[in-house]
There are 2 protein chains.
Amino acid sequence: MIRLFIPHDLAAGAELALDPGQSRYLAAVMRQEVGDEILLFNGRDGEWRARISAVTKRAVAVSAIALERPQATGPDLDLVIALVKRARVETIVEKAAELGARRVRLAVTERTNADRARVDRLTAIATEAAEQTGRLDVPLIAEPVKLERLIAEWEPGRALMFCDEAGDALPVIGALRDRPSGPWAILIGPEGGFSPVERQRLRGLSYAVPVSLGPRILRADTAAISALTLWQSVLGDWTS
Amino acid sequence: MIRLFIPHDLAAGAELALDPGQSRYLAAVMRQEVGDEILLFNGRDGEWRARISAVTKRAVAVSAIALERPQATGPDLDLVIALVKRARVETIVEKAAELGARRVRLAVTERTNADRARVDRLTAIATEAAEQTGRLDVPLIAEPVKLERLIAEWEPGRALMFCDEAGDALPVIGALRDRPSGPWAILIGPEGGFSPVERQRLRGLSYAVPVSLGPRILRADTAAISALTLWQSVLGDWTS
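Remember, predicted model here, so these are calculated numbers, not experimental data.

1. Here's the deal with the sheet that holds strand β8 (residues 140-146) of chain B
Residue and element names in this part refer to chain B.
Part 1 of the reasoning: Here we have 7 strands laid out as an open sheet, ordered β8-β7-β6-β11-β9-β12-β10, and parallel in their pairing. At either margin of the open sheet sits one strand with a lone partner, and together these are β8 and β10 (170-171).
Part 2 of the reasoning: Looking at chain direction, strand β6 (residues 77-82) and strand β11 (residues 184-188) are connected through 5 bridges and run parallel. The residue of β11 that forms the bridge with Val80 is Leu187.

2. What about the pairing of strand β7 (residues 103-108) of chain B?
All names here are of chain B.
Part 1 of the reasoning: Taken together, the 5 bridges between β6 and β7 define a ladder with parallel strand orientation. Paired with Leu79 across the bridge in β7 is Val104.
Part 2 of the reasoning: Since β6 and β7 lie parallel, the crossover through helix α2 (residues 86-98) that links them has a hand, and here it is right-handed.
Part 3 of the reasoning: In this sheet, β8 lies alongside β7 in parallel orientation, the contact comprising 5 bridges.

3. Some details on the nonpolar core
Part 1 of the reasoning: Ranked by size, the top nonpolar core spans 96 residues in total, and within it A:Leu79, A:Met161, A:Ile186, B:Leu79, B:Met161 and B:Ile186 carry the most contacts.
Part 2 of the reasoning: Ignoring sequence-local partners within four residues, the contact set of B:Ile186 consists of B:Leu77, B:Asp78, B:Leu79, B:Val80, B:Leu160, B:Met161, B:Cys163, B:Ala227, B:Leu228 and B:Trp231.

4. What to know about the relation of the copies chain B and chain A
Part 1 of the reasoning: Overlaying chain B on chain A yields an RMSD of 0.0 Å, the required transformation being a rotation through 180° with an accompanying axial translation of 0.0 Å. Such a combination of turn and shift is consistent with a two-fold rotation axis. It is B:Ser226 whose C-alpha, among those of chain B, lies nearest the rotation axis, at 3.0 Å.
Part 2 of the reasoning: When the interface residues of chain B are mapped onto chain A, 100% of them again fall at the interface, so both copies present the same face.

5. Topic: the packing of aromatic side chains
Part 1 of the reasoning: This model, assessed by the stated rule, comprises 6 aromatic pairs over all chains.
Part 2 of the reasoning: Ring centres 5.6 Å apart and planes at 65° place the aromatic pair A:Phe162 and A:Phe194 in the edge-to-face group. Note that A:Phe162 is positioned in strand β10 (residues 159-163) and A:Phe194 in the loop between β12 (184-188) and α6 (196-203), a separation of 32 residues in sequence. For the pair formed by A:Phe162 and A:Phe194, the shared burial category is buried.
Part 3 of the reasoning: Taken together, a centroid distance of 5.3 Å and an interplanar angle of 65° make the contact between B:Phe5 and B:Phe41 edge-to-face. On the criterion of sequence distance, the pair formed by B:Phe5 in strand β1 (residues 3-5) and B:Phe41 in strand β3 (residues 37-41) is long-range, its members being 36 residues apart.
Part 4 of the reasoning: We classify B:Phe5 as partly exposed; its relative accessible area is 24%.
Part 5 of the reasoning: Looking at B:Arg3, its charged tip hangs above the ring of B:Phe41, at a distance of 4.2 Å from the centre.

6. Here we look at the interface of chain B and chain A
Part 1 of the reasoning: Taken together, the contact between chain B and chain A spans 33 residues of the former and 33 residues of the latter.
Part 2 of the reasoning: Buried area between chain B and chain A, both sides added, is near 2800 Å², and the carbon and sulfur share of it is 54%.
Part 3 of the reasoning: Per-residue buried area on chain B facing chain A is highest for B:Arg216, B:Arg219 and B:Trp238; these three make up 26% of the total on that side.
Part 4 of the reasoning: At the boundary of chain B and chain A, one finds 8 salt bridges.
Part 5 of the reasoning: A:Glu94 serves as the salt-bridge partner of B:Arg219, at 3.4 Å between the closest nitrogen and oxygen.
Part 6 of the reasoning: Broken down by secondary-structure element, the contributors of at least two residues to the side of chain B that touches chain A are α2, α3 (119-133) and α7 (220-234) of chain B.

About the criteria used
- Residues numbered from 1 in each chain as written.
- Chains lettered and ligands numbered in written order.
- Predicted model: local features only at pLDDT ≥ 70, side-chain atom pairs only at ≥ 80, totals over all residues.
- Heavy atoms only, no water.
- Pairing = 2+ DSSP bridges.
- Helix = DSSP H or I, 4+ residues; strand = E, 2+ residues; numbered from the N terminus.
- Right-handed = clockwise from strand over helix to strand, strands pointing away.
- Core = buried A, V, L, I, M, F, W, Y, C linked by side-chain atoms within 4.5 Å.
- Buried < 20%, exposed > 50% of the residue type's maximum accessible area, 1.4 Å probe, protein only.
- Contact = heavy atoms within 4.5 Å.
- Least-squares fit on C-alpha atoms with pLDDT ≥ 70 in both.
- Phe/Tyr/Trp six-rings, centres within 6.5 Å; stacked < 30°, edge-to-face > 60°.
- Lys NZ or Arg CZ within 6 Å of the ring centre and 35° of its normal.
- Buried area = accessible area lost by both parts, 1.4 Å probe.
- Salt bridge = Lys/Arg side-chain N within 4 Å of Asp/Glu carboxyl O.

The structure is reproduced here in structure tokens:
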């Protein structure tokens, strides 16, 4: 069934006018008609079954019928990635949504050559992936900040899984086992790696857990997916 | 340093003429000159440092100097994927090379709507990924076969990690722990999932270990990367 993320409040009997983009998608692309049912979520009120009550070319109205799943969020997990090529950042955002990260933060490091990102476009990608993967919220995408500032403003109590390709770090499963389950962040460097200064800084942080992602060189998107998978499998919602 | 996969035998002092594509890449794209060094591997003789001995626009010759790493292969792991959209199959092949699969096999299932693949193009993608990731071999890409035939001709003794999104399967780490480390295959279904008949068939195989990849719906490329990561982390070369 089609799933859409909407900004409106959801409650039994709520009548909602969808925005032009979603209306066009339902009417023109998916050929939905009055009486067809879809699923709606807004990140607050759970997932609702809704029935289409009116269709024109540009406007679709729906009526919320029944709560299908109560609101739930995944573990408190941030993914922090160095700004890499745009296509790769977009892939990572899509995958972070599928793999249950709550936020994606973009870091400017010594070896990144970009300092800007289209946060609106990344949010649209995260929203579409959230709709398809079945989660009940959309990962928040934060504006890029310098790595140094990110560290300076680090939230007390949030542990950091630091994917350290250069070093002698332990494999993820062993490094995470027996640690508390949250809040956490995962940090993935740029494709040229962190600079020696950055790496030393990161390894010196009391809340950082350096981990290894195997013996081969991974692209940033592969590293992000592997790291999210392993974290979810040891401390997250893939454990049961 | 630039790494290239070549068909030639490698030994100290061997003089090799690279093919036109690699010659053009070295001379025109990477601006390499006589005396520059690169790394070569052929899947048999290990990784060799080599020096460029002659450069024209269309032909580059190199001379093998010293063995850098003796030949080694990763674990005996096949990745079997249902034929999905071409772009997604290409991503999966690239990631399978990075994540150390030895072979990629393509399966035609009830819910795949393709039965052909450009194996030559997929092999080129696997080769480039192998060059970049640092492995000493290139994953073999096999021609597509029907799932039923793949099962009928299954190699005795090869275990199968069957990623079963529909079911009550165990998480991967628990399901794989304490199992023998090889040979194995990982099976990833099409985006519509396996049919009920296929699923029952797969669950009935004595060598199949059904596993779950978490509570959200994953695209085929995400599922493949997650499954390879977890297998390598429990039974493969990410364990030490």
